[in-house]
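Take a look at the letters that make up each chain.
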Amino acid sequence: MSILIQTDKCRNCGRCIEACPGNLIQVNPQGKVWLRHPEECWGCTSCLKECQFEAIYFYLGADIGGRGSLMHTRREGDLCHWIVEPPDGRPVVITVDRRSANKY
Amino acid sequence: MPFHIVEKTADILIIGGGTAGCWAALTLAAHEGLSVLVTEKANIRRSGCLAAGVNAINAYIPAGKTPEDYLEYVRWDAAGIIRDDLVLSMAQRFNSVVGRLEELGLVILKDETGAYALRGQWNIKINGENIKPLLSQAVYRTKNVEVLNHVNITDYLTLNGRVVGAAGFSVREQTAYFLRARAVICTAGGAAGLYRPNNPGFSQHKMWYPPFNTGTGYALGIRAGAEMTTFEMRFVAQRCKDTIAPTGTIALGVGAKQVNAQGEEYTSRYGLSTSGRAYGTTNETHQGRGPCYLNTVGITSKQDEELLKAYLNMAPSQTLKWLESGKRPSQQNVELEGTEPYVVGGHTASGYWVDTGRRTTLRGLYAAGDVAGGAPKKFVTGALAEGEIAADTALADLPGLPLPEDEALQAQEQAILQTYEQHLTPADTPSSGTSAALPACRYTSQQLEEAMQKVMDDYAGGIHSSYRYSEAQLDIAEERLEGLTALAQNLRGTDTDDLLHIYELKDRLLVCQSLIAHLRARRETRWAGFGFNTDYPGVDDSWQLYVNSRLENGTLKIHYRNLVKEAITFEYPDSNG
Ligand SMILES: Cc1cc2nc3c(=O)[nH]c(=O)nc-3n(C[C@H](O)[C@H](O)[C@H](O)COP(=O)(O)OP(=O)(O)OC[C@H]3O[C@@H](n4cnc5c(N)ncnc54)[C@H](O)[C@@H]3O)c2cc1C
Ligand code: SF4
Ligand code: SF4
């Protein structure tokens with residue numbers, strides 16, 4: 001269970017650092033935002049939802065059924081698009097509207 | 001490098017800016033002129049249980065039902081070991097806190113009549129993805145609440161048995177905080193990571209309860225001599241396999257039934273209480289009839305879509321897992337498993353022994369949410385209600401709680417600081433305040449954590465024994481934990497992130513030791529799904545009592561207490577503090 005921070009997309013804004021409930025995202029000695037403890041990630045996805053630049057990707061460890069897909073979010077007002085990119089195959093997008101409650 | 005020191009005073013100090021902590025702060029914010037300080041080890045924006053979002057408000061009193069009905073439900077579910085006064089007083093506030101949450105912007109589903117749409121008996125449907133940002137933003141809008149993010153509290157400051165503040169350090173930089181207050185409210189959550197988890201490897205933190213709630217709230221109190229209750233009622237949650245995502249959304253949402261590998265519905269054999277359901281799955285598997293599933297095959301494609309969305313709002317890894325497997329819930333049943341045992345007073349009755357006003361047995365200290373005992377099935381609304389009650393009581397008590405004197409606390413603060421520095425001093429160099437070099441520790445906090453989890457799993461009823469334990473096994477666990485505790489005193493790190501890990505381990509070890517004393521003290525099996533005492537396999541009604549504990553002169557003493565039905569108020573021995 002963990003996340004990947006795409007350094008080329010990251011603008012070092014620091015929002016993910018403040019979002020992580022476990023203090024896991026920090027600035028490394030080179031001044032880059034990094035996940036200091038990948039195996040300590042809870043998988044809450046707070047960091048990717050807070051990133052405005054789609055720089056954080058979430059994946060499942062192989063030990064819990066991961067097959068290499070990467071998931072990230074794109075915000076559009078109250079809409080949150082969850083984008084899942086399989087290693088081979090077309091991305092799946094599921095859109096959730098913050099204004100509508102769960103049906104279940 | 002020496003620690004930079006920051007000192008602060010406030011009327012009320014709140015430890016843990018999670019659900020209950022934020023709500024206590026919001027309650028106190030209504031009182032101008034009062035100074036409130038919230039400390040949070042992460043950042044209140046998304047810290048604690050609510051980080052990923054929640055799926056429903058699990059505790060609400062719908063039309064036609066009363067708080068007394070909720071009390072009856074909780075009593076049945078917990079097999080009697082609850083505090084009536086605590087459950088009732090929180091249930092009486094469920095609906096008012098929901099009203100305030102809606103004002104803060106929480107989206108709640110309504111039916112045709114405009115009433116909240118129910119899910120099952122007590123749940124209402126919401127969009128809970130951003131519930132924590134809503135709460136934390138409200139805290140930031142207040143004028144008299146100061147928030148210290150990234151400050152991890154390690155010790156209470158005490159004076160003549162009264163809690164008068166707390167000490168901690170920044171997890172970011174080498175700064176120690178000494179915070180003095182007239183009253184302290186502990187809302188630091190429960191304990192995860194005591195036992196070897198479901199996914200012990202790379203995904204070790206893919207657990208249900210936040211791995212960052214490390215039992216510190218309990219450990220602070222145990223060390224300071226507070227009385228604790230019912231740790232032996234551990235919580236074993238029944239969850240979706242691997243992702244450890246909640247199952248209620250599937251069970252209540254699409255009405256999926258629990259079936260074993262032969263397709264038989266088995267829950268009726270075990271009862272429908274939370275513990276009974278968990279026991280059913282564990283025992284079916286133990287007896288060779290596993291794996292067990294929630295039977296979702298055949299649901300409609302519309303239901304598929306709604307489930308995928310609902311999980312994105314609270315446990316996104318489950319949605320990703322469905323997509324990774326290439327099969328939607330309509331095409332494959334959802335496998336179930338029990339989690340590793342947690343100590344969590346929001347679901348069971350473990351935690352601080354409090355009076356009806358949420359005063360702990362230590363004067364000046366109040367507790368609310370998962371850290372407080374006696375009131376299971378709090379969930380979000382119960383944590384909020386307790387935060388409100390604790391805040392109201394602390395406020396009412398303030399006139400009798402003067403700000404503590406400075407000098408008396410300095411020795412305590414120095415001792416705490418010295419321990420921080422020792423953990424950050426390389427082995428074999430004398431640290432400040434000591435002449436001798438400290439012994440080296442060959443291990444890291446991660447290695448000792450793994451050792452602790454293995455001991456708990458092997459000898460204190462973890463997953464691999466199907467939650468079974470015996471006195472002979474608990475004896476071994478106790479001895480091993482003592483050894484690990486001794487080793488942990490000499491752990492070394494290089495920065496305060498390391499120090500955080502060292503303290504989390506020390507706190508967990510202390511909670512584990514208390515838990516073992518409690519497991520041993522209850523000689524029956526009351527909640528088979530949460531733990532099975534193989535020496536005493538049945539329910540025995542002479543055990544309709546509370547098992548409480550308190551550290552007295554360095555030894556954990558068990559106190560048995562009779563069931564409490566009416567409201568109680570703690571009296572404290574006179575002190576000049
Ligand atoms: C994954 C999950 C899903 C849930 N889903 C639902 C649901 O759908 N509906 C529902 O009603 N209930 C749900 N619950 C239950 C409910 O969320 C909790 O019972 C409630 O939020 C607990 O509130 P709390 O304030 O006690 O703990 P938390 O909200 O966890 O707050 C504890 C805070 O203390 C901080 N802290 C800990 N130690 C220290 C320290 N040493 N110094 C400073 N700060 C510290 C933590 O970082 C955290 O912010 C869920 C719980 C979990 C874990
Ligand atoms: S939120 Fe995104 S852009 Fe900002 S620091 Fe984190 S990864 Fe980089
Ligand atoms: S998913 Fe959650 S726990 Fe993991 S790094 Fe992001 S914010 Fe932290």
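Preceding this section is the structure that the text describes.
Cut-offs and rules
Residues numbered from 1 in each chain as written. Chains lettered and ligands numbered in written order. Predicted model: local features only at pLDDT ≥ 70, side-chain atom pairs only at ≥ 80, totals over all residues. Heavy atoms only, no water. Helix = DSSP H or I, 4+ residues; strand = E, 2+ residues; numbered from the N terminus. Rg over C-alpha atoms; globule rule 2.2 N^0.38 Å. Buried < 20%, exposed > 50% of the residue type's maximum accessible area, 1.4 Å probe, protein only. Contact = heavy atoms within 4.5 Å. Areas by Shrake-Rupley, 256 points an atom, 1.4 Å probe, with all protein chains shown as cover. Lys, Arg positive; Asp, Glu negative; His and termini not counted. Charge placed at Lys NZ, Arg CZ, Asp CG, Glu CD. Expected span 1.5 Å × (residues − 1). Arc of directions from axis to C-beta.

A.B. asks: Mind laying out the overall build of chain B, listing which residues take part and the relevant values?
C.D. replies: Summing up its helical and strand segments, chain B has 15 helices and 21 strands in all. The C-alpha atoms of chain B give a radius of gyration of 23 Å, which matches the 25 Å a tight globule of 577 residues would have. Residues classed as buried in chain B amount to 63% of the 577 residues present. When contacts within chain B are restricted to residue pairs at least 6 apart in sequence, those whose partners lie at least 24 apart make up 74%. With an accessible surface of roughly 20000 Å², chain B has 49% of that area assigned to carbon and sulfur atoms. In chain B, the 54 positive side-chain charges and the 65 negative ones have mean positions that sit 4 Å from each other.

A.B. asks: Pulling in residues and values, what's your account of unusual backbone geometry?
C.D. replies: All names here are of chain B. Cis geometry marks the peptide bond from Gly290 to Pro291; its omega dihedral reads -5°. Locating Pro291 in the fold gives a position in the loop between helix 8 (274-286) and strand 14 (293-294). Phi is positive for His150, close to 60°, though the residue is something other than glycine. We classify His150 as buried; its relative accessible area is 5%. With phi around 55°, Thr230 is a residue other than glycine that occupies positive phi space. Residue position: Thr230 is located in the loop between strand 11 (228-229) and strand 12 (238-240). Relative accessible area serves as the criterion here: at 1%, Thr230 is assigned to the buried category.

A.B. asks: Lay out helix 14 (residues 471-488) of chain B in plain terms, naming residues and giving numbers.
C.D. replies: Residues and elements named next belong to chain B. With 18 residues, helix 14 extends 25 Å between its outermost C-alpha atoms, agreeing within 8% with the 26 Å of an ideal straight helix rising 1.5 Å per residue. Those residues of helix 14 that sit buried are Leu474, Ala477, Leu481, Leu484 and Ala488. On an axial view of helix 14, the arc spanned by its buried residues comes to 85°, and they lie on one face. Turned more than 90 degrees away from the buried face of helix 14 sit Ala472 and Glu479, all of them exposed. Among the structural elements, helix 12 (407-423), helix 13 (445-459), strand 18 (468-469) and helix 15 (496-521) are those in contact with the buried residues of helix 14.

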